[in-house]
Amino acid sequence: GENVEQHPSTLSVQEGDSAVIKCTYSDSASNYFPWYKQELGKRPQLIIDIRSNVGEKKDQRIAVTLNKTAKHFSLHITETQPEDSAVYFCAASRGNTGNQFYFGTGTSLTVIP
Amino acid sequence: GAVVSQHPSRVICKSGTSVKIECRSLDFQATTMFWYRQFPKQSLMLMATSNEGSKATYEQGVEKDKFLINHASLTLSTLTVTSAHPEDSSFYICSASSQGGNSPLHFGNGTRLTVT
């Protein structure tokens, strides 16, 4: 099955700095990679996703890169703000209907004002 | 769109009793729903895949007789924790995808189960 690893487990940055979270996956058939943000006690919310036919995607301060050959993908948050503080999860899926999503272990991001 | 509703949000029960958690897709049909378990400060662990009209597929190490899943309609899946024990205390979250492959999961609000 799929194994998704995520690093770092915790990350503290100063407000305005950038944050980078990295994930690797094992299943070469995975082709869909979403990122979720989870605030304490709440449901995970999708913040950005990328499909295997794309190498990079950006949405305002958030960007994701994908290297299929190396089987890794990364989340980049620029100009971080205190409200970015949360736990972030990467995930991988084969993308077929009904296929499971496997999540990384999560990164607790703290943005220091 | 793509709203997933989960109920109850919080439940406290005594050891030995059973608890049912409902997951509904409000504005789309979900032939497949997923049940996750999350321990404090840990990741989402996939427990089982709930398939409408057929048996659920359980991940390795998850007891199917302990965690009963029923997906009787295209908008409702239920997870029943049977004969609950304190170690079953956790945060359970359901999810579904509205468009099938290559589309994101939408999560329910989760259920905080405490077994005393």
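Refer to the preceding data block for the structure.
Predicted model, so just to flag it, every value in this text is computed and none were measured.

## A few points about the overall build of chain B
Piece 1. Of the regular secondary structure elements, chain B holds 0 helices and 11 strands.
Piece 2. Mapped in sequence order, the helices and strands of chain B form the string β-β-β-β-β-β-β-β-β-β-β.
Piece 3. Taken over C-alpha atoms, the radius of gyration comes to 13 Å for chain B, in line with the 13 Å a tight globule of 116 residues would show.
Piece 4. The principal-axis extent of the C-alpha atoms belonging to chain B is close to 40 × 25 × 20 Å.
Piece 5. Out of the 116 residues in chain B, the part that is buried amounts to 53%.
Piece 6. When contacts within chain B are restricted to residue pairs at least 6 apart in sequence, long-range pairs at least 24 apart make up 53% of them.
Piece 7. In the form shown here, chain B has an accessible surface area of approximately 5,500 Å², with 49% of it arising from carbon and sulfur atoms.
Piece 8. The averaged location of the 8 negative side-chain charges in chain B is 7 Å from the averaged location of its 10 positive side-chain charges.

## Quick notes on the packing of aromatic side chains
Piece 1. This model, assessed by the stated rule, comprises 13 aromatic pairs over all chains.
Piece 2. On the basis of an interplanar angle of 70° and a centroid distance of 5.6 Å, the ring pair of W35 of chain A and F73 of chain A is categorised as edge-to-face. Highlighted residues: W35 of chain A in strand β4 (residues 32-38) and F73 of chain A in strand β8 (residues 72-77), separated in sequence by 38 residues.
Piece 3. Among the residues examined, W35 of chain A registers a relative accessible area of 0% and is labelled buried.
Piece 4. The structure contains a cluster of three or more aromatic residues connected by ring pairs, namely Y36, F89 and F103 of chain A together with Y36 and F107 of chain B.

## A look at the sheet that holds strand β3 (residues 19-25) of chain B
Residues and elements named next belong to chain B.
Piece 1. Ordered in space as β1-β3-β8-β7, the 4 strands form an open sheet in which the pairing is antiparallel. In this open sheet, the two edge strands, each paired with only one partner strand, are β1 (4-7) and β7 (67-73). Recorded for the sheet is a direction-independent mean angle of 15° between the axes of neighbouring strands.
Piece 2. The sheet contact formed by β7 and strand β8 (residues 76-81) spans 5 bridges and is antiparallel. Its bridge partner lying in β8, I69 is registered against L79.

## Remarks on the interface of chain B and chain A
Piece 1. On the chain A side, the residues contacting the 22 residues of chain B number 23 residues.
Piece 2. Across the chain B to chain A interface the summed buried area is about 1,800 Å²; carbon plus sulfur atoms make up 53%.
Piece 3. Where chain B packs against chain A, one counts 0 salt bridges.
Piece 4. Linking chain B to chain A there are 8 residue pairs in polar contact (both at pLDDT 80 or more).
Piece 5. Mapped by element, the contributors of at least two residues to the side of chain B that touches chain A are β4 (32-38), β5 (44-51), β9 (90-97) and β10 (105-107) of chain B.
Piece 6. In terms of residues, the side of chain B that touches chain A owes the most to one element, β4 of chain B, which gives 4 residues.

The rules we used
- Residues numbered from 1 in each chain as written.
- Chains lettered and ligands numbered in written order.
- Predicted model: local features only at pLDDT ≥ 70, side-chain atom pairs only at ≥ 80, totals over all residues.
- Heavy atoms only, no water.
- Helix = DSSP H or I, 4+ residues; strand = E, 2+ residues; numbered from the N terminus.
- Rg over C-alpha atoms; globule rule 2.2 N^0.38 Å.
- Buried < 20%, exposed > 50% of the residue type's maximum accessible area, 1.4 Å probe, protein only.
- Contact = heavy atoms within 4.5 Å.
- Areas by Shrake-Rupley, 256 points an atom, 1.4 Å probe, with all protein chains shown as cover.
- Lys, Arg positive; Asp, Glu negative; His and termini not counted.
- Charge placed at Lys NZ, Arg CZ, Asp CG, Glu CD.
- Phe/Tyr/Trp six-rings, centres within 6.5 Å; stacked < 30°, edge-to-face > 60°.
- Pairing = 2+ DSSP bridges.
- Axes fitted to C-alpha atoms, helices over the stretch in contact; angles between N-to-C directions.
- Buried area = accessible area lost by both parts, 1.4 Å probe.
- Salt bridge = Lys/Arg side-chain N within 4 Å of Asp/Glu carboxyl O.
- Polar contact = N/O pair within 3.5 Å; in protein donor to acceptor, adjacent residues only side chain to side chain.

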